[in-house]
Amino acid sequence: MRKDLPIRSLLWPAISAAAVLAAWHLAVLIYSLPGYLLPLPHAIVQAAVERRSDLLTGFAVTGGAALTGLLLSALAGFVLATLLAWSRGLRLSLFPYVLLLQTVPVVILTPLLVIWIGPGFPSVTAITFLITFFPVVSNTVHGMLSAPRPMLDLMRTLQADRRQEMFLLRVPHALPHYFSGLRIAATLAPIGAIAGEFFAGSGSGGSGGLGYLVIVYFSRHETDALFATGLLACLMGILFHSAVVLFRRLLHSYSRLV
Amino acid sequence: MFLRFDNITHHYAESGTVLKIPHLEIEKGSFVALIGPSGCGKSTLLRLVAGLETPGKGTLTFGNGSANKGPLRTGIVFQEATLLPWLRVEDNIALPLRIRGTKAGPRREAAREEAARVGLEQAVHLYPDQLSGGMKMRTALARALVEAPELLLLDEPFSALDEITRDRLNEDLSALHAARTRTTLLVTHSVTEAAFLADRILVLKTAPGEIVADIAHPRPHPRDPETRNEEGFHQLTAGLSRLLREHAGE
Ligand SMILES: Nc1ncnc2c1ncn2[C@@H]1O[C@H](COP(=O)(O)OP(=O)(O)OP(=O)(O)O)[C@@H](O)[C@H]1O
Ligand SMILES: [Mg+2]
C-alpha cells in the first residue's frame, strides 16, 4: 500500500480550490462588483456564521426529508424494479407511469401534493421520493434485464425456475447497477427536497428548510446568504453520495455482490 | 443407444438451414468429438441436445424415452466459463445443487469433493476474478459434473487456454472419464484434442452443417500423454486436418 495516497489525492483538489477562490476574489476586485451581484468568498462565510442557527435548522429539516425520500426510493425502487423485470406485462403496463411521474415538472406536482397530503415534511419527502426513484428503478431494471445470455442459458440447462433465475442470477447481476442508480438518486435528493420546499416548505408549525430560506433571502436580496445556502445544499448532496459509495465499499468487503 | 437424431434439420430465420442430420446414434458412455469449420453448426447441435433450441424438424430421442425432451441430468460447459462472479468457487460448483434444492451442508460437501476431483481443493474460497483461465475452466467443469450427469456437453471449453494448460486439462478430463464414464459430446477446433480424447470423431462440413466423416477411435481411458507421440496418433490428426481442409467452407 502506498502511504502517501490520501495526501496526494487531496493535493490537486486543494490547489484547484485555491485557484478558483483567488480568481473569484480578483474578479470581484478588478470589476468592482457590488456584493449583491457577487459577494466575496469571505463575505459568504461571514453570512453563514451570522445565520448559523437558521441554516443549521434548515439543513436538518431539508436533510431529514431528503434522506427519508431517498431511503424510500432505495426500498421501493428495488421492489418495483424486481416486479418490472419479472414480467413483461407489468413492464409494459407500469413503466409508462414511472416515466410519466419522472417527466411531470416538480413545480406542478408539488402544489398538488400539498393539496393532497399537506405541506411540510410529508409532501417534501414525497417530492424527493418521486424525483429520486426513477434512476434507481431504471438502472436496476436494466441491470436485471441485461444478465448475459450464456448465464441465462446456464440457468436454463440447470432447469432453474423463474424465481431462481431472478434471485440467483438477475438480482445479484443488477446490484452494481442498483448502486449506480442510488448514487445518482443521492445527488438528486437535496435538489428534490429544496425544490419541493418552494411550495411545501413552510407551515406545519416547524421551521422552514433550505428551500424556504432561499425564498426569504431572495426577497431580502441577501446574495451572500443565498450562496451560503447553496453551498450547504451541495454539501448535503456530496454527503449523501459519499454515504452511498461508502456503504457499497463496506458491502464489497463482505461479498462480491456489489 | 443413448441419443438418437432422426431427420433433424434446424434453421434460424436469419441464417437459413444451418444443420442437417438424417440419422445419428450415440452410444451410452461414449466420448464423441465434433470438429468442423467455424459456423458449421457445432454449437447449434449441442444446444439442440441441451434443450436450449428446439429442432425445426425431426426428432431427438434420449435413452428409452421421450422425443425432443432433454435427459434428466445434463452438465454443460461453454467456451466462456460463465461463472457467477459474486460466488466463491465452491458456491459456483454447488450452483446446480442449490437449484435442485439440496441443503447447504451436503451441497458444500459435494462441491468440495468435486473441486478436489478437478484439482481445485486449494481454491474453493476464491472468487472467479482471482482464478487463472485454467482454474476457471476447471471450476466450470466441476460445476457441470457435480450432479453426476448422464450427459456431458462441452462446447470448445479449452479453446481460450494456452497449449500446456489445455493438454493438462485434456489429460485430467480423460482421467475423469475413466473414473466415472458418462456420455460426452465435445465440440472442438483442435484435431489433437479430438484425437486425444474421443472414442469417436464426427467431422462436419459447413452451410448447411452435415456430418461428412464418422471415425471410430476406441482406446481405453485414461489416455497416456505419450499417445500423442505415437505414429497412429499423427496419422489420425493428419487425416482429420485433411478432412477439415477439404470441407472448409466455399
Ligand atoms: N441465434 C442465432 N440466430 C441466427 N443464426 C444463428 C444463431 N446462432 C447461430 N446461428 C448461425 O448458425 C450457424 C451455425 O452456428 P454455430 O454457432 O452452431 O456454429 P459453430 O460450428 O459452433 O461455429 P464456431 O466453431 O465458430 O463456434 C452460423 O451460420 C450462425 O451464423
Ligand atoms: Mg460454436
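Conventions we followed
- Residues numbered from 1 in each chain as written.
- Chains lettered and ligands numbered in written order.
- Predicted model: local features only at pLDDT ≥ 70, side-chain atom pairs only at ≥ 80, totals over all residues.
- Heavy atoms only, no water.
- Domains from an automatic or database assignment.
- Contact = heavy atoms within 4.5 Å.
- Buried area = accessible area lost by both parts, 1.4 Å probe.
- Salt bridge = Lys/Arg side-chain N within 4 Å of Asp/Glu carboxyl O.
- Polar contact = N/O pair within 3.5 Å; in protein donor to acceptor, adjacent residues only side chain to side chain.
- Nonpolar A, V, L, I, M, F, W, Y, C, P; charged D, E, K, R; others polar.
- Helix = DSSP H or I, 4+ residues; strand = E, 2+ residues; numbered from the N terminus.

A. Focus on the domain arrangement of chain A. Residue and element names in this part refer to chain A. With domains assigned, chain A is organised as domain 1 (1-33) and domain 2 (38-257). For domain 1 versus domain 2, the distance between C-alpha centres works out to 30 Å. Tallying the contact residues gives five residues for domain 1 and seven residues for domain 2. Taken over both partners, the interface formed by domain 1 and domain 2 buries close to 540 Å², and the fraction arising from carbon and sulfur atoms is 84%. Counting the surface domain 1 buries against domain 2, the share from its top three residues, Trp 24, His 25 and Val 28, is 75%. Summed over the shared surface of domain 1 and domain 2, the number is zero salt bridges. Scanning the region where domain 1 abuts domain 2 turns up one residue pair in polar contact (both at pLDDT 80 or more). Here the residues of the side of domain 1 that touches domain 2 sort into four nonpolar, one polar and no charged.

B. Quick peek at the side chain of Thr227(B). All names here are of chain B. Looking at the secondary structure, you find Thr 227 in the loop between β9 (210-216) and α7 (231-246). A polar side-chain atom of Thr 227 sits 2.7 Å from the main-chain carbonyl oxygen of Asp 224. When sequence neighbours within four positions are dropped, the list of residues in contact with Thr 227 reads Phe 196, Arg 219 and Phe 233.

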